[in-house]
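An overview of the molecular structure
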Amino acid sequence: MSTPIFNNVDHGEIAKFESLSSRWWDREGEFKPLHDINPLRLDFIDARAGLTGKKVIDIGCGGGILSEAMAHRGAKVTGIDLGEAPLAVARLHQQESGVDVDYRNISAEQMALEHAGEFDIVTCLEMLEHVPDPEAVVHACTKLVKPGGHVFFSTINRHPKAYLLAILGAEYVLKMLPRGTHDYQRFIRPAELSRWARKSDLTMREVSGMTYNPLLKRYKLTPHDVDVNYLMHCQRNK
């Protein structure tokens, strides 16, 4: 974890999502996959940690798709992101939906310095593969959550199948995502993520894949297939 906390950002990655921010809530646009998998992610989190009445921080919240959904389930949600444009979209949509989410433009590492041990649940979904030092973010997540609290990650496995499906398939063939959304070298194997979690005083409780059926145009949780997208549930040691 050698990256200084103020430098653990890839400005090119931020720019990608800034340029698309106005279409974040377009359910048929570039962020359609996020809208499609959000119910799966939300139910996975709620079933394992119970969102109602919990204090939650959503790291890399973007336009607020997951943040709003968790607030709808009764959580007190803080959403953080380093992109100003996605946060502006999140705040605008919040005015339309009436959902109470506290959005902040701050890094996970800085937030951990200011609010260590304050949250019951930490979510960091589809974000680790976009930063230079993902292990530092995992460590920040551990610092943010209370002892015994829950941390949820989702990312993409660095596996040949992921290259075929998440990049060639999703970006070039099916055109579900803009070209260049993902960099294969930044994908993270489950063994790597679980190792970082252990080093940061987290216990890995469960890992589940998410697979896409292009014929049915549907996603589902697949506990035994983590070759491409996967969710990981961890808990901070007491």
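Data block above holds the structure.
A brief look at the structure comes next.

1. Here's the deal with the packing of helix α2 (residues 32-49) against helix α3 (residues 65-72)
At their nearest, the axes of α2 and α3 sit 10 Å apart, and the two run at 45° to each other. On the basis of their axis angle, the class for α2 and α3 is oblique. Helix-helix and strand crossings are classified by hand; for α2 and α3 the assignment is right-handed. Between α2 and α3, the contacting residues are Leu 34, His 35, Asn 38, Arg 41, Leu 42 and Ile 45 on the first element and Ile 65, Leu 66, Ala 69 and Met 70 on the second. Its residues assigned to classes, the contact of α2 with α3 shows seven nonpolar, two polar and one charged.

2. Considering helix α4 (residues 84-97)
The terminal C-alpha atoms of α4 lie 20 Å apart, and with 14 residues this matches the ideal 20 Å at 1.5 Å per residue to within 8%. Looking only at α4, the buried set comprises Ala 85, Pro 86, Leu 87, Val 89, Ala 90, His 93 and Gln 94. Positioned one or two residues after α4, Gly 98 has a phi angle of 75°, which is positive.

3. A closer look at the nonpolar core
Of all hydrophobic cores here, the largest spans 30 residues; its most connected members are Ile 59, Val 122, Phe 153 and Leu 193. At the level of secondary structure, the elements contributing two or more residues to this core comprise β1 (55-59), α5 (108-114), β4 (119-125), α6 (134-144), β5 (145-156), α8 (190-199) and β8 (229-236). With five residues, α6 is the single largest residue contributor to this core.

4. Some words on the sheet that holds strand β3 (residues 101-105)
As a general point, the strands of a sheet are linked pairwise by backbone hydrogen bonds and lie either parallel or antiparallel. What the eight strands build is an open sheet, ordered β3-β2-β1-β4-β5-β8-β6-β7; its pairing is mixed. A strand with exactly one partner marks an edge of an open sheet, and here the two such strands are β3 and β7 (218-222). Direction aside, the axes of adjacent strands within the sheet are offset by 20° on average. Alignment of β4 against β5, held across six bridges, turns out to be parallel. From the neighbouring strand, Cys 124 faces β5, where its bridge partner is Phe 153. In the packing of α6 onto the sheet, the strands contacted are β1, β4, β5, β6 (202-213) and β8, and the crossing angle to β5 comes to about 150°. Sitting on the sheet, α8 touches β5, β6 and β8, and the angle it makes with β8 is about 15°.

About the criteria used
- Within each chain, residues carry numbers counting from 1 in the order of the written sequence.
- Totals for whole chains, interfaces and linings use every residue, but because this is a predicted model, local features are given only for residues with pLDDT of at least 70 and side-chain atom pairs only at 80 or more, for both listing and counting.
- Working from all heavy atoms in the structure, the side-chain values ignore hydrogens and water.
- To obtain each axis, a line is fitted to C-alpha atoms, and for helices this fit is confined to the stretch in contact; angles are then taken between N-to-C directions over 0 to 180 degrees.
- By definition, any uninterrupted DSSP run of H or I lasting at least four residues is a helix, any uninterrupted run of E lasting at least two residues is a strand, and each is numbered from the N terminus.
- Roughly parallel refers to an angle under 35 degrees, roughly antiparallel to one over 145, roughly perpendicular to one between 65 and 115, and oblique to any angle outside these ranges.
- For any helix crossing, the convention is left-handed if the near helix is rotated counterclockwise from the far helix by under a right angle, and right-handed if that rotation is clockwise.
- Any two residues whose heavy atoms approach within 4.5 Å at even a single point are treated as in contact.
- In the scheme used here, Gly and all other residues not listed as nonpolar or charged are polar, with Ala, Val, Leu, Ile, Met, Phe, Trp, Tyr, Cys and Pro taken as nonpolar and Asp, Glu, Lys and Arg as charged.
- In a helix, the anticipated span is given by 1.5 Å times the number of residues less one.
- Under the scheme applied here, a residue whose accessible area is under 20% of the maximum for its type counts as buried, over 50% as exposed, and between as partly exposed, the area being computed with a 1.4 Å probe on protein chains only.
- Nonpolar cores are built from buried Ala, Val, Leu, Ile, Met, Phe, Trp, Tyr and Cys residues. Side-chain atoms within 4.5 Å join them into one set.
- The pairing criterion for strands is at least two bridges between them, as found by DSSP.

Bear in mind that shape data such as this cannot, by itself, settle questions of function.
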